[in-house]
Amino acid sequence: MGPPGPATRLLPPLVLALAGVARGTFTVVAWPRVAVVAFGGSVTVNCSRSACPEGDTNATLGLETALPATPGPGGLRWQSFRLHNVSRWSPGPVTCSGRCGDTEANASAGVLVYQLPERVELEPVPAAAVGDSRNLTCHVRAVAPLRNLTVTLRRGAETLRTESFAEGAEGSASVAVSHVLTVTRGDHGQDVTCHAELSLRPHGPLFARAAVPVTLSVFALPEPPQLQAPAILEAGTVANASCRITGAFPAGDIRVTAALDQEPLNVTVAVAGDTVTASTALSPLIPGPRELSCTAAVATAARTARRQLHVYRFPAPALELSPAPAAAGSEVTVSCHAGATEPPEARLQLRDADGGVLAEGPQPRLQLRLLARRDDDGREFRCRASLAVGDSVVTKDADARLAVLYLPEIPASGCPGNRTWVQGAREALSCRATGNPAPTVVCGRDGAAVATGEPELVTRARAGTYVCNATNALGTRSRRVTVRVEYEPTMSESGCPARRVWVEGQRRELECRADGDPPPSTRCARDGGTQHGVTRDGGTHHGGTQHGGTRDSGPRDGGTRDSGPRDGGTRDGGTQDGGTRDGGSHHGGVARGRVVTRADGGRYVCRATNRHGVAVRSVLVTVEYRPSLGERGCPERRRWLEGTPAELGCAATGNPPPRVTCAKLGEPGNATEPGHDSWDPARATANVTRAHAGTYQCRATNAHGSAVRNVSVAVEYGPAGVTVRVLPSANVTRGSGFTVDCGAEGVPAPTYTWVLPPAPNLRWAADNRSVTVTGATTANRGLYTCTASNRHGRRAGSIVVRVDESWLVLLAALGALGAVAALGLAVAGGYYLKSTACKKGEYNVRDAEGSSEAACLHRHRDPRAEVFGIQLSPP
């Protein structure tokens, strides 16, 4: 912040000077109160005075100071002075002096001399282990005055220390601020900063300087590395070793090195959390003891782990059989030998396949002689060499198999004489023979060779007896093989027709025959329900074909045979078009089966089962029966609406579906030979008229009979022919009585509502068909409208009633109109409208034009209905 400008510097002295004029005294003002200047710099002081009562020409202004000063810009009552090269730390105050005639006035201003810090710097902080302490020191060089200086040490955004200073010796000085910090892992990478502030407020600005930040380096290496490597290793082979460091911080800064007898190894480092793992490959070439080392280092810390490694040389042994191959009964020599090892203490063992020791001794050679037998063919021998290395024993093996030559043999285990195959599977007529050289096996039937290698699809044609021959260079052996083919059940249309037609009341049973090997067990059940009939297992075997079947059994007292099948099905009780008769068999003249009901109709599932699978066949049984007409499908009473489509729907039950026709009956006098109009209920005719009312006879017919039902039809229609008349006449004399009567046709019978002039002398009939007026007045004149309504609509009729008005002359003569006018009311004609929504004695009131209406007013208690039912309103 720089010093204030001239205009700003002049404002306070001028104000004070004007104030002095206002008081009538002579005053002098110095501004600023404290002049702030950098050491060796310049600053301006303004002196001002008030008006001089003896005249401004007799007034003077001056500055008294020990510093070099020169006058600057000025005016009538003010003068500025420039203080140059302020090189004193405590120059003392400067004084503005003024004279007005014999009157003197003075004002003093202080001078504050400062020097900004030459530099602010932090001492370097060496890397520290977690938990160690480090001294953080900040130096502020050549600053003045110290009493205005504040130094702050921070770690990141956290303030560690803030220090202010008392007044020191005159002049500039250097200071140091320190703080001891015990580091944690969270301090790693944090910046330490130092801020120096020289505050000259309120007289001058605030100056701030900062040191270059110092970044903290924190590390931890609490545990030595964990070195994992084999204790022994064969020369020329490769093994892996790993070095693991846990608790390391920061893990990414850990440096890991490995060496084998001071020879550096290549390492691969992986970091996971605070764990560092280094991996290396070991491949020594020279046998003997070796030292493996791993070193982890971070910052100034390092830890090393070491492990001893024994490197050895151990060539694999060799095993020889002579002669190879050997004929059965000849002598065979088995030899085991090994090369030189390091260390040289190797031992040899000769073993058989089950681990038994046949011979043993030191290297370089072992031998064994034996007589070859046929059972020795394929016998395994093992030569094992053992070497002690440190605390471990290393072994290596060599294996050989003895070959003995002999004639072919076909064992039962490798070539069974009886085989059972399943149709649809894949089988090979394989025969395994033993012999050395390995024999060739050929199988055939009826002099024709068959394939014995790859499995082939099994069919019934593959059943039979085969001869298999095994041949090698020493001779031939033979064996007979018999093959039986089994297959899963099947059901065909001939043995189990898919569609059956039964007639209600007859006796029937559900039968299905199946084919399969072994003979299948067959049972039928309603789809999703219970079993139908009993199960029949087994059957007879004919040329490799097995038959089984199911017959529903039970006593049968006879029945009626249907004439034939429908819908492609088979009519039970006889064979149709090569189909199957489900009539069952007769034993001793007693019929088998059960009485058919409609519940027997539906879909059945027949399952034939043997150990190879299940054959499923769906059988649809249709039960036919005579027609019937019930209330649900053919209601006895109908209501039709005039003008809607005329449709006499009548649904009948029966199978086959019956044909339904309806006819209207004639007059009761013609009941013996009724006249009728034919009607097909499935077809809509013309719209309903009142002539359609009457009784209809509906007949349902199928191949098994017919059913008859009478239907009564009533025709409804909306109100029609509304007539309104006044008795005795529509021209009424005042004081007489009359009745307005309303009539209409409609089914159901209509109800009546009225719109008529409101009056207190109205009386409605019980059925609301008429309204009677006694003592007619002009209030009863007007339009009377009657509306007839039922659920099918409404119709209205109107008539005008006129009442003789000669009574108004009499009313004028008596001054009645003056009496009404004295009430301050205006008379408006209107009429009552009776409504079913109002309580007894209440009506809707409308004005004469029908433009406004009041709802449900009592004609005797409401003020607007006091005067003979005439509506009264305020003027």
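These numbers come from a predicted model, not from an experiment.

Turning our eyes to something else, we now look at the sheet that holds strand 7 (residues 94-100). Within the open sheet, the 4 strands sit side by side as 2-8-7-4. Their pairing is mixed. Every interior strand has two partners, whereas the edge strands, strand 2 (34-38) and strand 4 (59-64), have only one. Strand after strand, the sheet turns through a mean of 20° between neighbouring axes, direction not considered. Both strand 7 and strand 8 (residues 103-114) contribute to a ladder of 7 bridges, which runs antiparallel. Residue pairing for strand 8: Arg-99 is matched across the bridge by Glu-104.

Confidence along the chain averages 81 in pLDDT terms, with 80% of residues attaining 70 or more. The secondary structure element of the chain with the lowest average pLDDT is strand 72 (residues 826-828), at 32, and the one with the highest is strand 69 (residues 770-773), at 96. When the criterion is pLDDT under 50, residues 539-569 qualifies, and its contacts beyond four places in sequence or with other chains add up to 108 contacts. With pLDDT under 50 throughout, residues 807-837 is counted as low confidence; its partners more than four residues away or in other chains account for 56 contacts.

This next bit is on the nonpolar core. One finds Leu-122, Val-140, Leu-149, Val-151 and Cys-194 to be the most contacted residues of the largest nonpolar core, which totals 32 residues. When residues of this core are traced back to their parent elements, those giving at least two are strand 8, strand 9 (119-122), strand 11 (133-143), strand 12 (149-155), strand 14 (173-182) and strand 15 (191-199). The residues touching Val-151, leaving out its near neighbours within four places in the chain, are Cys-138, Val-140, Arg-161, Thr-162, Glu-163, Phe-165, Val-177, Cys-194 and His-195.

What the rule picks out here adds up to 1 cavity of 30 Å³ or more. Here the largest cavity defines a volume of roughly 50 Å³. Every residue lining the largest cavity is listed: Leu-227, Ala-241, Ser-242, Cys-243, Val-256, Ala-258, Val-267, Ala-278, Thr-280, Leu-292, Ser-293 and Cys-294. Put simply, the parts of the chain that give the lining of the largest cavity at least two residues each are strand 21 (239-246), strand 22 (255-260), strand 25 (275-282) and strand 26 (288-298). For the lining of the largest cavity, the per-class residue count stands at 9 nonpolar, 3 polar and no charged.

Reading the values: the criteria
- Residues numbered from 1 in each chain as written.
- Predicted model: local features only at pLDDT ≥ 70, side-chain atom pairs only at ≥ 80, totals over all residues.
- Heavy atoms only, no water.
- Pairing = 2+ DSSP bridges.
- Helix = DSSP H or I, 4+ residues; strand = E, 2+ residues; numbered from the N terminus.
- Axes fitted to C-alpha atoms, helices over the stretch in contact; angles between N-to-C directions.
- pLDDT = per-residue confidence, 0-100.
- Contact = heavy atoms within 4.5 Å.
- Core = buried A, V, L, I, M, F, W, Y, C linked by side-chain atoms within 4.5 Å.
- Buried < 20%, exposed > 50% of the residue type's maximum accessible area, 1.4 Å probe, protein only.
- 1 Å grid on protein atoms, 1.4 Å probe; cavity = no way out; pocket = protein on both sides within 12 Å on 5 of 7 lines; lining within 4 Å.
- Points joined across faces, edges and corners; volume = space filled by probe spheres on them.
- Nonpolar A, V, L, I, M, F, W, Y, C, P; charged D, E, K, R; others polar.

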